[in-house]
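# Close look at the chain arrangement
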Amino acid sequence: MSSGACRNGNHRTATRPHGSGFRPSSFKPRLPPSPSHGPGDVRRSSPASLGGPFKDSDGVPGRVRVAVRLRPRNSEELVADADFADCVELQPEVKRLKLRKNNWDADTYEFDEVLTEYASQKRVYEVVAKPVVESVLDGYNGTVMTYGQTGTGKTFTLGRLGDEDTADRGIMVRAMEDILADVDLGSDSITVSYLQLYMETIQDLLDPINDNISIVEDPKTGDVSLPGATLVDIRDQQNFLELLRLGEAHRIAANTKLNTESSRSHAILMVHVKRSVAGEGAFSTENGNTSHLIKPLRPLVRKSKLVVVDLAGSERIHKSGSEGHTLEEAKSINLSLSALGKCINALAENSAHVPVRDSKLTRLLKDSFGGTARTSLIVTIGPSPRHRGETSSTILFGQRAMKVENMLKIKEEFDYKSLSRKLEIQLDKLIAENERLQKSFEGEIERINVESQSQISEVERNFAEALEKEKLKCQMEYMKSVKELEEKMVSNQTRNHRDVKRINEGIGASISSEVSEIRMLLNTEIARRKAAEDEINILGSQLAQYRHPEADGDTEIYRLRKNLEEEIRQKRKYEEEAIVLRSQLVQMNIEADQTRRCLERGDLGDAFSLNTRVDQSRNMQLRENGNGQKPSIAALSEQVGLHKILTLLESEDATIRIHAVKVVANLAAEEVNQAKIVEAGGLTSLLMLLRRYEDEMVRRVAAGAIANLAMNEVNQELIMVQGGIGLLSVTAANAEDPQTLRMVAGAIANLCGNDKLQMKLRTEGGIKALLGTVRCGHPDVLSQVARGIANFAKCESRLASQGIRSGRSLLIEEGALPWIVHNANDESAPIRRHIELALCHLAQHEVNAKDMVTGGALWELVRISRDCTREDIRNLARKTLSSSPTFRAELRRLRVDY
Ligand code: ADP
Ligand code: MG
């Protein structure tokens, strides 16, 4: 445990106010405040201020603030002192420094600020110098000094320019940055002197020839000035840096010349700040009271100065003159520094006399060290235990500067929070790093800005050039096209002129010939007219002669002519009516005949003849039955003429139309007339009736007539060509009357008997239309359907056996098989027969066999082969059943014997 004691028995506190036995540190303690410094000025407080707040109430600022800064081990020390601990240990968190006496004992000192080897330049500036700079900007003088052994970092702390690393910038550079940022160079001014003090001689570092500058003191104000020193106006930071470089260069050069070391000289930078401020004036009233009501503004100039002193090395000069100095020189070299020490000691010992005048340095600092000035002292120390003695004396100098009477020398050991220290170290590193980054970042931004600006202007230039080129090109093109148009216009105009001329000439010639021609014609016409007029005149006179006696006869002739015309019209009408009546009569005769025959047969058939058996036999029958009527129809046809009858089909009169279509239907029932009817356009007219007239009666009769015409193969094709199947299908679809359906089914059934029409019938919906007619269930219709199916199957069978057709029956494909099977055993003989025939035809082709088996047709075939009354059909069915492998297999499977 180390021993420790409080010097003078008092503990010092950082916030301790002045007074109560505490004597402020000042070279001229009783000096009144400079008039240039307004007493009402408020000092800026800085959180990083060295000590407590200034106490301005008595106009006496605080004492000298002292910070200790430890330099990191240099490369030499890292090697030489590798096995030894530093002679000092810093405790920045409690602002203490421990100076080792030996391995087990150390003295502890307290400072206003303890700056470790890791403290960044920025932090050093902020805690030590910034409050002084702010004070200067507020109008107070201020001093920042470094004191310490050579090589401990005085110049590093104050004078570094930060050329290589901006984070290294020292107090001088940073102070000027802050000053420049705060002042207004329009109204304020900053001037700088840079001096060297060596062997009590002041040399101008800005003008080295000027090497004996004297100090002048204003006896009234006590202000110190150096009238012989160069004063340079500072306009910007760059300007200042150049000045510092110049001063440094001169310092090195001067020391070389004098064969001295810079460590033996003091470098002094004096920054004079002059600021214009709007001051307040107070007027005295009659009774001597100061009125604060009237305060006219008075312009004031506030002067202050910042003195930055890089002191000579504090190490003692050996009196032996080992460094090549004489004793006198040695005394002189150290005079200023020892005078400063003495003054500080005097102040520390509370002595009445402070030997300010003993040296140039103390005289120079008279108005800016302590007193009304704010003063900061940085004592720099090295870590090496080899220099413990020098380090110790430096520390004691610093302690005295902090008014020694209050200094505390703490003997007890403390347990320190190493974590806190580490953090502080890290923080300082980060601060320095941050500053470096910020600077380089700013530089980078500046560079990018410049680059992008140049790029933008380049792009703009290119764009403008391209635009200009484009514009020129457009203008050229425009001019060119205008020129072309003008040329075209001119050539057109000349051509037009030529054309007009030529046309005029041509027209002129033709016109004159035409004119003479017309003139001739006119003359001829005039002559003719004249002759005609003469003739008219002659006739007129002749008429006049005849007119009078025959006037009544003329009217009579006219009347008779009218009557005659009327008679002719009447006659025609009667003739037409006669035709109709005659045709009606014929019609009625035929109908009566058929009715009679039907009654005789006990059957109630339609008046129309229709082939319900086979075409041929029907025709025969019709001929036989029609024999009696033949003369009548033939006579009618002969009398009226077929053409006339056909035109009546288109008569406006519906009755005439109906009779006419009936006559045509009856004529069509006779084979002998069919060709004539078709030839005269009767088929087309009949189809037109289907297309045009909605009257079902007309459609029914027309369909009957078409059915009769459809008995002929040629006509069948004609019907198909003229779209007859479509018309018949539509008629079938719309028909309600079973007789209409019967006629349509009859017509389609006849078409089904034509080999060539098979496919077309299917594609144009004929088979579907035929099957659709069964919906009415009338036996006559079913009979026609069965006949159609039989005809179709017969044709298919024929074509298949001729090898013209192959594949499944179209009837099966169109879905006729179920109906066929269902009606195969119909009680009506004609239906049954047709279907039996159809089944036999279908069964003859193996390709239909499967469908017939699944559709149940096989049983019908078996039935037909056994029960059919017609032997030929029976045999056909039997033959078919035994020849089809499919049927045979199925019958075997069903164990039906065959
Ligand atoms: P002085 O002015 O007290 O004689 P210098 O400022 O010339 O000392 O410093 C001596 C050497 O130590 C220089 O190389 C300097 O860069 C270095 N130095 C001093 N202080 C520091 C520090 N805090 N950190 C790093 N290097 C330092
Ligand atoms: Mg130095």
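Cut-offs applied
All residue numbers refer to positions counted from 1 along the written sequence of the respective chain. Whichever chain is written first becomes A and whichever ligand is written first becomes 1, with later ones labelled in order. Totals for whole chains, interfaces and linings use all residues, but because this is a predicted model, local features are given only for residues with pLDDT of at least 70 and pairs of side-chain atoms are given and counted only at 80 or more. For side-chain calculations, the full set of non-hydrogen atoms in the structure is used, while hydrogens and water are omitted. Working definition: helices are DSSP H or I runs of at least four residues, strands are E runs of at least two. Numbering for both runs from the N terminus. Using a 1.4 Å probe on the protein chains alone, a residue whose accessible area is under 20% of its type maximum counts as buried, one over 50% counts as exposed, and one in between counts as partly exposed. By definition in these notes, contact holds between two residues if any of their heavy atoms fall within 4.5 Å. Each accessible area value is a Shrake-Rupley result obtained with a 1.4 Å probe; residue values ignore everything except the protein chains displayed when judging cover. Here, the arc refers to the directions that run from the helix axis to the C-beta atoms. A pair of strands is considered paired only if DSSP assigns at least 2 bridges between the two. Near is defined per residue: the residue qualifies when any heavy atom it owns lies within 4 Å of the molecule or strand. We call two N or O atoms a polar contact when they sit within 3.5 Å, provided that within protein one can donate a hydrogen and the other can accept it, with sequence-adjacent residues counted only if both atoms are side-chain atoms. Lys, Arg, Asp and Glu make up the charged group, whereas Ala, Val, Leu, Ile, Met, Phe, Trp, Tyr, Cys and Pro make up the nonpolar group; the residues left over, Gly among them, are polar. The angle between two axes is taken between their N-to-C directions and runs from 0 to 180 degrees, where each axis is a line fitted to C-alpha atoms and a helix contributes only its stretch in contact. We call two directions roughly parallel when the angle between them is under 35 degrees, roughly antiparallel when it is over 145, roughly perpendicular when it lies between 65 and 115, and oblique otherwise. Crossing handedness is read from the near helix: turned anticlockwise from the far helix by less than a right angle, it gives a left-handed crossing, and turned clockwise, a right-handed one. We define a salt bridge as a contact between a side-chain nitrogen of Lys or Arg and a carboxyl oxygen of Asp or Glu at a distance within 4 Å.

## Quick word on the overall build of the protein
When helices and strands are counted, the protein shows 30 helices and 17 strands. Sorting the 898 residues of the protein into buried and exposed places 46% on the buried side. By sequence separation, contacts in the protein at least 24 residues apart represent 72% of the contacts at least 6 residues apart. Just so you have it, the protein exposes about 47600 Å², and 54% of that area is on carbon and sulfur atoms.

## Some words on helix α27 (residues 846-854)
All of the buried residues in α27 are Asn848, Ala849, Met852 and Val853. Seen from one end, α27 has its buried residues packed into an arc of 140°, which puts them on one side. Residues of α27 that are exposed and point more than 90 degrees away from the buried face comprise Lys850 and Thr854. Of the surrounding elements, those touching the buried residues of α27 are α24 (810-813), α25 (817-823), α26 (829-843), α28 (857-867) and α30 (885-893).

## Observations regarding the pairing of strand β16 (residues 374-381)
The buried fraction of β16 amounts to 8 of the 8 residues, a majority that puts the element mostly inside the structure. Of the two faces of β16, the one lined by Arg374, Ser376, Ile378 and Thr380 and the one lined by Thr375, Leu377, Val379 and Ile381 are each fully buried. Pairing geometry for strand β1 (residues 65-70) and β16, over 6 bridges, is parallel. By the bridge assignment for β16, Ala67 is matched with Ile378.

## Comments concerning the site of ligand 1
The local shell around ligand 1 consists of Arg69, Arg71, Pro72, Gln149, Thr150, Gly151, Thr152, Gly153, Lys154, Thr155, Phe156 and Arg160. Between ligand 1 and the protein, one listed contact pairs an oxygen atom with a side-chain N or O atom of Thr155 at 2.7 Å. A distance of 3.4 Å is found between an oxygen atom of ligand 1 and a side-chain nitrogen or oxygen belonging to Arg160. Burial of ligand 1 by the protein chains amounts to 67% of its free accessible area of 550 Å². In terms of residues, the shell around ligand 1 owes the most to one element, helix α3 (residues 154-159), which gives 3 residues. For the shell around ligand 1, the class distribution of residues is 2 nonpolar, 6 polar and 4 charged.

## With respect to the packing of α26 against α28
At a closest axis distance of 10 Å, the pairing of α26 and α28 adopts a crossing angle of 115°. In terms of orientation, α26 and α28 fall into the roughly perpendicular class. The handedness of the crossing between α26 and α28 is left-handed. Of the residues in α28, those in contact with Glu836, Leu839, Cys840 and Ala843 of α26 are Ala857, Glu860, Leu861, Arg863 and Ile864.

## Some thoughts on the pairing of strand β4 (residues 105-110)
With 6 of its 6 residues buried, β4 lies for the most part within the structure. Burial along β4 is two-sided: Asp105, Asp107 and Tyr109 and Ala106, Thr108 and Glu110, pointing in opposite directions, are all buried. Pairing geometry for strand β3 (residues 96-102) and β4, over 6 bridges, is antiparallel. Pairing of Leu99 across the sheet is with Asp107, part of β4.

## Quick word on the pattern of salt bridges
Taken as a whole, this structure holds 41 salt bridges when the rule is applied. Among the salt bridges present, the one from Arg461 reaches Glu458, with a minimum N-O distance of 3.4 Å. You can see Arg461 and its partner Glu458 sitting in helix α9 (residues 418-547), 3 residues apart, about one turn around the helix. The class for Arg461 is partly exposed, based on a relative accessible area of 45%. Linking Glu764 and Lys760 is a salt bridge whose minimum nitrogen-to-oxygen distance equals 3.9 Å. One continuous salt-bridge network, built from bridges that share partners, spans Arg762, Lys768, Arg808, Glu813, Glu814 and Asp851.

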